[in-house]
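# Descriptive analysis of the structure
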There are 2 protein chains.
Amino acid sequence: MAQQLTTAAGPRLVALAEVQRFVRECVAKAGAPDAHARAMASVLAEADRRGHFSHGLNRLDMYVNDLQSGLCDGAVTPRVLRETPATAWVDGCNGLGPVVGTFCMELAIRKARETGVGWVAAKGSNHFGIAAWYSMMALKENMIGMSFTNTSPFLSPTRSKQAALGTNPLSLAAPAEGGDSYVLDMATTAVAVGKIEVQRRRGERIPAGWAQDASGAATTDPDEAMNVGCLMPLGGAESTSGYKGYGLALMVELLCGVLAGATYGPDVRKWMGDEDRPADLGQCFVAVDPQCFAPGFEGRLQDLLSKLRAMEPADPAAPVLVAGDPERAHEAKVEREGGVSYHPSQIIACEELAKSLGVQPMDGR
Amino acid sequence: MAQQLTTAAGPRLVALAEVQRFVRECVAKAGAPDAHARAMASVLAEADRRGHFSHGLNRLDMYVNDLQSGLCDGAVTPRVLRETPATAWVDGCNGLGPVVGTFCMELAIRKARETGVGWVAAKGSNHFGIAAWYSMMALKENMIGMSFTNTSPFLSPTRSKQAALGTNPLSLAAPAEGGDSYVLDMATTAVAVGKIEVQRRRGERIPAGWAQDASGAATTDPDEAMNVGCLMPLGGAESTSGYKGYGLALMVELLCGVLAGATYGPDVRKWMGDEDRPADLGQCFVAVDPQCFAPGFEGRLQDLLSKLRAMEPADPAAPVLVAGDPERAHEAKVEREGGVSYHPSQIIACEELAKSLGVQPMDGR
């Protein structure tokens with residue numbers, strides 16, 4: 001089977017359970033106990049199910065490397081350092097990001113059930129995958145969830161020639177009626193690095209407002225953008241209010257690294273750099289129980305989402321969406337097709353990983 | 001004195017205490033008790049002190065009109081409808097926005113002192129002035145403050161030909177050392193309407209990404225932008241991630257109108273329309289005590305702010321700032337000059353208001 005996959009030209013379809021099995025075994029082989037490997041598998045498979053391929057299997061080798069090199073400790077369990085009825089300060093103890101994140105969000109939800117709000121900040125964490133995984137944990141409890149993380153420096157503050165903050169994503173999920181929901185999950189940079197790489201592969205320019213050249217001006221050259229490594233904040237240049245995106249990135253940093261006492265801003269470990277120190281990321285998790293406010297939250301949200309989706313679009317072929325709709329469409333596609341459709345290069349990378357770890361390669365068709 | 005001001009060509013300097021005295025007397029004459037008039041005066045004077053002239057004296061006649069027409073009830077006091085240790089649902093009872101906002105933020109701070117977090121949502125409110133007034137109330141208590149409000153429809157969701165959400169601002173303030181702070185206060189549209197008006201007065205085009213034409217495409221014509229009345233979200237077009245700004249505007253709406261059970265989205269009263277119904281705005285106020293997390297929050301934030309301000313700028317004449325710095329510079333200017341420097345047209349408008357209400361005009365030099 002593995003041989004077939006490697007030589008095939010088209011993408012391959014892998015069932016979600018098989019994706020999870022593969023991640024679980026790889027992470028366990030790299031040194032994490034089964035429960036922790038399962039947490040990682042859930043988050044990575046969910047990223048691919050939602051169509052965020054950059055954050056799914058694509059990152060597995062990074063997590064495995066961090067475990068194998070000892071940069072991340074797969075076995076540890078987070079510790080609560082300080083607690084009030086509505087808050088907790090947590091030490092992730094350099095454990096796997098999904099283990100820390102799941103622990104913190106469960107704690108936030110428990111506190112929100114007691115007091116209406118739970119607010120948990122963690123230091124000593126690692127990359128936790130898609131932020132929406134954690135905010136969406138609140139949906140099952142009919143709560144509003146939020147999650148934030150700092151990340152390696154990539155964002156150039158407005159007017160600056162250098163990067164100083166991460167893509168610092170923020171996510172908010174809120175329940176509507178009949179399983180519908182609002183799920184915002186966005187980097188506070190204009191785009192993630194992956195979007196620039198895609199344009200480069202295609203040989204196309206990038207829009208002004210995505211990234212800077214070495215002088216600090218906007219560039220439309222994807223090669224230059226990748227070499228300089230300075231993403232512009234959401235909003236782009238100062239004339240189009242890029243300082244607001246920069247302000248949001250700093251807000252996220254303040255709620256993560258600064259609040260939790262983790263590393264922050266320019267001191268966060270470089271992305272894929274060769275620094276041999278733990279990431280010590282800061283993360284923040286919030287749960288709010290809408291039942292503490294006006295009754296009927298889910299119905300009103302549903303009404304608003306429906307009104308927005310029904311608005312007249314400029315292009316009849318491109319309907320108005322709300323945050324979470326593209327991901328929901330991808331989830332339906334995965335359901336329909338019976339699995340996630342991967343690019344052959346991803347399949348090959350997974351086969352190489354399987355071989356190096358002595359794990360059964362993914363089965364697919 | 002009034003005569004001199006009206007005929008003068010240049011701006012006039014008015015002491016802050018005199019600005020407050022004038023607002024207080026106008027609002028009292030329009031039917032609000034003194035304590036409520038003082039709340040309004042504090043917020044409007046603070047907007048002008050921070051250089052946000054669109055939200056200060058410039059709005060006084062709107063507040064006075066709403067009071068005189070009975071659209072807003074200047075005398076009522078907000079009521080708590082539901083309460084938990086960390087949350088409160090408040091009915092503003094159609095009172096003055098600054099009265100509702102101050103009530104709610106004081107409540108949020110009180111709860112944060114008890115449980116670490118206070119989260120308060122209000123329905124039945126009115127325009128509350130600058131969002132930063134409320135978030136900054138937390139600074140005096142060494143807390144992080146946040147405030148949000150929905151507003152009249154002006155923002156066109158990505159892909160839509162029509163407006164459906166407000167400029168929906170969000171504000172976060174956090175204390176640093178020695179009186180320094182981080183104060184983000186931003187509309188989730190690319191720009192506020194006022195910026196387009198300024199370009200129109202100057203006879204200049206607007207950048208693509210600020211506003212739409214009737215077909216839903218970006219326009220650079222300020223006249224067309226004003227006539228159509230569809231602001232683009234932060235990020236501008238879909239190619240530069242405008243859907244993120246739209247997502248943030250919807251997040252604010254969800255935390256305000258939807259959570260509080262106020263009017264929301266396209267149902268919010270039109271701006272300066274002739275609809276004779278109360279605004280019933282929704283607003284949200286959050287306080288978080290950083291002492292519940294890692295000790296030393298203010299020092300770390302200070303360190304980060306200092307590092308950002310010290311970054312090498314692309315243009316040596318335009319240093320890197322953090323949110324709140326331009327406002328702090330304006331506050332220093334007001335302090336230095338002994339008052340707020342107003343445009344003659346604002347002075348004339350205030351004199352007309354003074355005359356119509358029978359209030360002593362503002363004294364200045």
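What you are looking at is a predicted structure, and each value in this text was computed from that prediction instead of being measured.

### A look at the pattern of salt bridges
Residues and elements named next belong to chain A. With the rule as written, the count across this model stands at 40 salt bridges over all chains. The partner of Glu238 in a salt bridge is Arg159, with the nearest N and O atoms 3.1 Å apart. With Glu238 in the loop between helix 8 (222-228) and helix 9 (242-260) and Arg159 in the loop between strand 5 (144-149) and strand 6 (170-175), the pair connects residues that are 79 residues apart, well separated along the chain. With a relative accessible area of 38%, Glu238 lands in the partly exposed category.

### Considering the sheet that holds strand 6 of chain A
All names here are of chain A. Read across the open sheet, the seven strands follow the order 2-3-4-10-5-6-7; overall the sheet is mixed. At either margin of the open sheet sits one strand with a lone partner, and together these are strand 2 (79-83) and strand 7 (181-186). In this sheet, neighbouring strand axes are inclined to one another by 15 degrees on average, regardless of whether the strands run parallel or antiparallel. Packing of helix 9 onto the sheet brings it into contact with strand 3 (87-91), strand 4 (117-125), strand 5, strand 6 and strand 10 (281-288), and relative to strand 4 it is tilted by some 70 degrees.

### Brief notes about the sheet that holds strand 5 (residues 144-149) of chain B
Residue and element names in this part refer to chain B. Read from one edge of the open sheet, seven strands run 2-3-4-10-5-6-7, paired in mixed fashion. With one partner strand each, in any of the chains shown, strand 2 (79-83) and strand 7 (181-186) form the two edges of the open sheet. Each strand axis lies, on average, 15 degrees off the axis of its neighbour in the sheet, ignoring direction. Pairing analysis gives seven bridges linking strand 4 (residues 117-125) to strand 10 (residues 281-288), with the strands arranged antiparallel. Bridging from a neighbouring strand, Ser125 pairs with Leu281 of strand 10. The sheet contacts of helix 5 (residues 97-115) involve strand 2, strand 3 (87-91), strand 4, strand 5 and strand 10, and relative to strand 4 the element is tilted by about 160 degrees.

### Some thoughts on helix 3 (residues 34-49) of chain B
A turn of α-helix holds 3.6 residues, and therefore any two residues three or four places apart point the same way. All names here are of chain B. In this model, helix 3 (16 residues) spans 22 Å end to end at C-alpha, consistent with the 22 Å of a helix rising 1.5 Å per residue. In this structure, the buried residues of helix 3 make contact with helix 2 (16-29), helix 4 (60-68), helix 5, helix 6 (132-137), helix 11 (325-337) and strand 11 (340-342). In the segment just after helix 3, Gly51 is the residue with positive phi, at about 90 degrees.

### Quick look at the relation of the copies chain A and chain B
Of the transformation superimposing chain A on chain B, the axial component is 0.0 Å and the angular component is 180 degrees, with the fit at an RMSD of 0.0 Å. The superposition of one copy onto the other is thereby described by a two-fold rotation axis. Closest approach to the rotation axis within chain A is made by the C-alpha atom of Gly235 of chain A, at a distance of 2.0 Å. When you check the interface residues of chain A against chain B, 100% turn up at the interface there too, and the contact is symmetric in its surfaces.

### Points about the domain arrangement of chain A
All names here are of chain A. By the assigned domains, chain A splits into domain 1 (3-70 + 338-364) and domain 2 (79-190 + 232-292). Here the C-alpha centre of domain 2 lies 25 Å away from the C-alpha centre of domain 1. On the domain 2 side, the residues contacting the 17 residues of domain 1 number 14 residues. Note on domain 1 versus domain 2: buried area summed over both sides is about 1,400 Å², and carbon and sulfur give 77% of it.

### Concerning empty space enclosed by the protein
Enumeration over the complete set of coordinates arrives at three cavities of 30 Å³ or more. What the largest cavity holds in volume is close to 150 Å³. Around the largest cavity, the lining is made up of 14 residues, and of these Met146, Phe148 and Met251 of chain A together with Met146 and Phe148 of chain B lie nearest the centre. Breaking the lining of the largest cavity down by element, the ones donating at least two residues are strand 5 and helix 9 of chain A together with strand 5 and helix 9 (242-260) of chain B.

### What to know about the interface of chain A and chain B
Chain A puts 89 residues into the contact, and the matching count from chain B is 89 residues. Both faces considered, chain A and chain B share a buried interface measuring about 7,000 Å² in area, 71% of it formed by carbon and sulfur atoms. When the buried area of chain A at its contact with chain B is split by residue, Arg159, Lys244 and Phe293 of chain A rank highest and sum to 11% of it. Joining chain A to chain B, the criterion identifies four salt bridges. Between Glu312 of chain B and Lys161 of chain A there is a salt bridge, with the nearest N and O atoms lying 3.2 Å from each other.

### Some details on the pairing of strand 7 of chain A
Two faces belong to every sheet, and in a regular strand the side chains alternate between them. All names here are of chain A. Burial within strand 7 is extensive, with five of its six residues counted as buried. Pairing geometry for strand 6 and strand 7, over six bridges, is antiparallel. By the bridge assignment, Leu172 is partnered in strand 7 with Leu184. Linkage of strand 6 to strand 7, two consecutive antiparallel strands, is achieved through a turn of five residues, within which Gly178 is found at a positive phi near 60 degrees.

### Things to note about helix 2 of chain B
Residues and elements named next belong to chain B. Here helix 2 is 14 residues long and its end C-alpha atoms lie 20 Å apart, about the 20 Å a rise of 1.5 Å per residue gives. Taken residue by residue, helix 2 has Glu18, Val19, Arg21, Phe22, Val23, Cys26 and Val27 as its buried positions. For helix 2, the elements touching its buried residues are strand 1 (12-14), helix 3, helix 4, strand 11 and helix 12 (344-357). After helix 2 finishes, the residue Gly31 shows a positive phi value of roughly 120 degrees.

Conventions and cut-offs
Residues numbered from 1 in each chain as written. Chains lettered and ligands numbered in written order. Predicted model: local features only at pLDDT ≥ 70, side-chain atom pairs only at ≥ 80, totals over all residues. Heavy atoms only, no water. Salt bridge = Lys/Arg side-chain N within 4 Å of Asp/Glu carboxyl O. Helix = DSSP H or I, 4+ residues; strand = E, 2+ residues; numbered from the N terminus. Buried < 20%, exposed > 50% of the residue type's maximum accessible area, 1.4 Å probe, protein only. Pairing = 2+ DSSP bridges. Axes fitted to C-alpha atoms, helices over the stretch in contact; angles between N-to-C directions. Contact = heavy atoms within 4.5 Å. Expected span 1.5 Å × (residues − 1). Least-squares fit on C-alpha atoms with pLDDT ≥ 70 in both. Domains from an automatic or database assignment. Buried area = accessible area lost by both parts, 1.4 Å probe. 1 Å grid on protein atoms, 1.4 Å probe; cavity = no way out; pocket = protein on both sides within 12 Å on 5 of 7 lines; lining within 4 Å. Points joined across faces, edges and corners; volume = space filled by probe spheres on them.

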